[in-house]
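Geometric and topological summary
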Amino acid sequence: MKNRRVTGISSVHPDSTLRSEIKHSSRDLGDTTAIRKANVFSEPPLRANPENGYVNLSETETAAMYSLMQIQRQLYSRDPESITAGDLLDYITRLQQCRKNNGRPDRASRNLTMSTQETVHNGFSGLIEALFSEYCTRVRYQVREWLLKSCRECRSEISPRSDLATGDPEDVVYVINMQMSVARENLSPFHCMDVLLVILEEVQQMQRLIRKSLNSIDEDFVIERACAIINYCACLYERIDNLNITNDLLDGQTFPSYNLKKKKDQVTIEYISLAIHATDLLAQVVMSDLRPILITFHSSQWEYNEKIIVLLSTFRDYFHDLKLWLPAFFYAKVTRKCLELLLEMYLESFFTNKGRLKKKTTAALLERDRLNLVHFFSNEYFEEMKQTGLAGEQGVEDRFEILRAMQFVILAKDPSDVHSEVQLILRELGNHNGKIAILFLRTYLSCQLQEKKEEVALWNSPINDA
């Protein structure tokens, strides 16, 4: 198989265009240093005065009330379109500082100011939450834009290590870290957790797009593209699974909530699920290329050995490239999936192509193919089979045991001689399809109608009893 380059997912570059853009635009999202240094109480605070409704308020409390109204006036006087994410963080920071300076009244010292102080405190909290909700919306759209841009820019390339690498995972992790860095500088730990939840929800949206694209593959879905998606998902699974939320994203200030831990687990599990799904699709793509060879099996030319030789040689070419392009775990899964699909397609070809060979010749050819396939997978791909649960030659031989059972059924003189083989075929193919298969093995070589009727009558009851 030739090494091909296709548009897909790009390789990693430390100075990628996307990351440069994120660095540049992050100033608009959170660089509020100059604003934070400004004096919030630049004008003298209102004095406590019973006539204006502020009863027994201290100077600090009056200043807090005045600051709240001042920020509200600023917000209401501005065009919402002109308020950036950085502005929102600035307002939230100022409100949090004012609320902190004002504090909450001590329950033990409640007096006539209680209702007013509570009103001030609730006013701060309500406005902070409203602004934070809008900030989360801005973060959601910004992260979505960056992730989509990352997907549009990606291309598949063969790396110097000869495996099919992808650059997308690094960009996704960079987006998470950059957004959380801005949030940590300006927001409380609990608000930071909410920001991280929003980011992970957008990552899940990207996962849904990947799954949708995998479920709508067509003839243009090439092997290199499948390998790129597997590498992409496997890499992100490791990177996000290894993230320590408390230390890496929350600066050790608080422990993550149950919802946040659950969301992170959902993201990591979905990435490994996507990688496995892409692995299955990759095996199907490989086998679709081999289908023209397989459909010629069991035809009038079946007895010539060249078909099985071409089949195994083509497998070697594919597996050689896939071993270079995939991690060992997924390479082993592709190899095992190809084995399963090969057995399925082999049986389909056998029961579809009704070659008119003699019983002994048919049984001998089944045994020849079985031995070739067992030797191929158990010797040349021993480690891959072992990793997927087929230990040694016996494990692979057991998987192809149905071919031996078919031989015995073809040559059997009486159903009682092949009771265990009949059970195996029924177990592998199911009762309905298995019964049809066994009767096919007994009758398709019989030329006379009467002989076929006798075979059906002889085998019907033993099959039902099995």
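These lines cover the structure that appears in this document, whether it is placed above or below. Numbering of residues starts from 1 in every chain and runs along the sequence as written. A pLDDT threshold of at least 70 governs which residues receive local features in this predicted model, and a stricter bar of 80 or more applies before side-chain atom pairs are shown or counted, although totals over entire chains, interfaces and linings include all residues. Remark: hydrogens and water are excluded; side-chain values derive from all non-hydrogen atoms of the structure.

1. Brief notes about the packing of helix 10 (residues 258–294) against helix 12 (residues 328–352)
- Helix axes are fitted to C-alpha atoms over the stretch in contact, other axes to C-alpha atoms as well, and angles between N-to-C directions run from 0 to 180 degrees. Helical segments are the DSSP runs of H or I of at least four residues, strand segments are the runs of E of at least two, and each set is numbered from the N terminus. Where helix 10 meets helix 12, the closest approach of the two axes is 8 Å, and the angle between their N-to-C directions is 40°. With respect to helix 12, the element helix 10 is oriented oblique. In this structure, the crossing between helix 10 and helix 12 has a hand that is right-handed. Facing helix 10, whose interface residues are I272, A275, I276, T279, D280, L282, A283, Q284, V286, M287, R291 and L294, helix 12 presents F330, K333, V334, K337, C338, L341, L342, M345, E348 and S349.
- In terms of residue class, the contact of helix 10 with helix 12 is built from 14 nonpolar, three polar and five charged. Oblique is the label for any angle not under 35 degrees, not over 145, and not in the 65 to 115 range, which are roughly parallel, roughly antiparallel and roughly perpendicular in turn. For a crossing to be left-handed, the near helix must be turned anticlockwise from the far one by less than a right angle; the clockwise case is right-handed. Should any heavy atoms of two residues lie within 4.5 Å, those residues are considered in contact. Gly falls in the polar group here, along with every residue not listed as nonpolar (Ala, Val, Leu, Ile, Met, Phe, Trp, Tyr, Cys, Pro) or charged (Asp, Glu, Lys, Arg).

2. Quick notes on the pattern of salt bridges
- Salt-bridge detection follows one rule: a side-chain nitrogen of Lys or Arg within 4 Å of a carboxyl oxygen of Asp or Glu. Within the structure shown, the criterion is met by 17 salt bridges.
- Among the salt bridges present, the one from E134 reaches R138, with a minimum N-O distance of 2.8 Å. Taken together, the residues span about one helical turn, with E134 and R138 both in helix 5 (residues 114–153) at a distance of four residues.
- Residue burial is assigned from relative accessible area. The probe radius is 1.4 Å, only protein chains are included, and a residue is buried under 20% of its type maximum, exposed over 50%, and partly exposed in between. E134 sits in the partly exposed class, given a relative accessible area of 33%.
- A salt bridge links R368 to D369; the shortest N-O distance between them is 3.2 Å. Exposure class is identical for R368 and D369. Each is buried.
- A single salt-bridge network, built from bridges that share partners, covers E367, R370, E397, E401 and R404.

3. Comments concerning the packing of aromatic side chains
- Here is the rule: rings of Phe, Tyr and Trp (six-membered ring for Trp) pair when centre to centre is within 6.5 Å. Planes less than 30 degrees apart are stacked, more than 60 are edge-to-face, and the remainder are tilted. In the structure shown here, the tally under the stated rule is 13 aromatic pairs.
- Relative to F351, the ring of F350 has its centre 5.1 Å away and its plane inclined at 85°; by these criteria the two rings are edge-to-face.
- Taking the relative accessible area as the measure of exposure, F351 reaches 23% and is therefore partly exposed.
- Put simply, the rings of F315, F319, Y331, F376, F377, Y381 and F400 pair up and form one aromatic cluster.

4. As for the nonpolar core
- We define the nonpolar core as a collection of buried residues of types Ala, Val, Leu, Ile, Met, Phe, Trp, Tyr and Cys that are connected through side-chain atoms lying within 4.5 Å of one another. Core analysis: the biggest nonpolar cluster contains 123 residues, and Y135, V195, L282, F315 and L322 have the highest contact counts within it.
- Ranked by the residues each element gives to this core, the list is headed by helix 10, at 15 residues.
- Not counting chain neighbours up to four residues away, the residues in contact with L322 comprise I223, C227, L282, V286, Y331 and V334.

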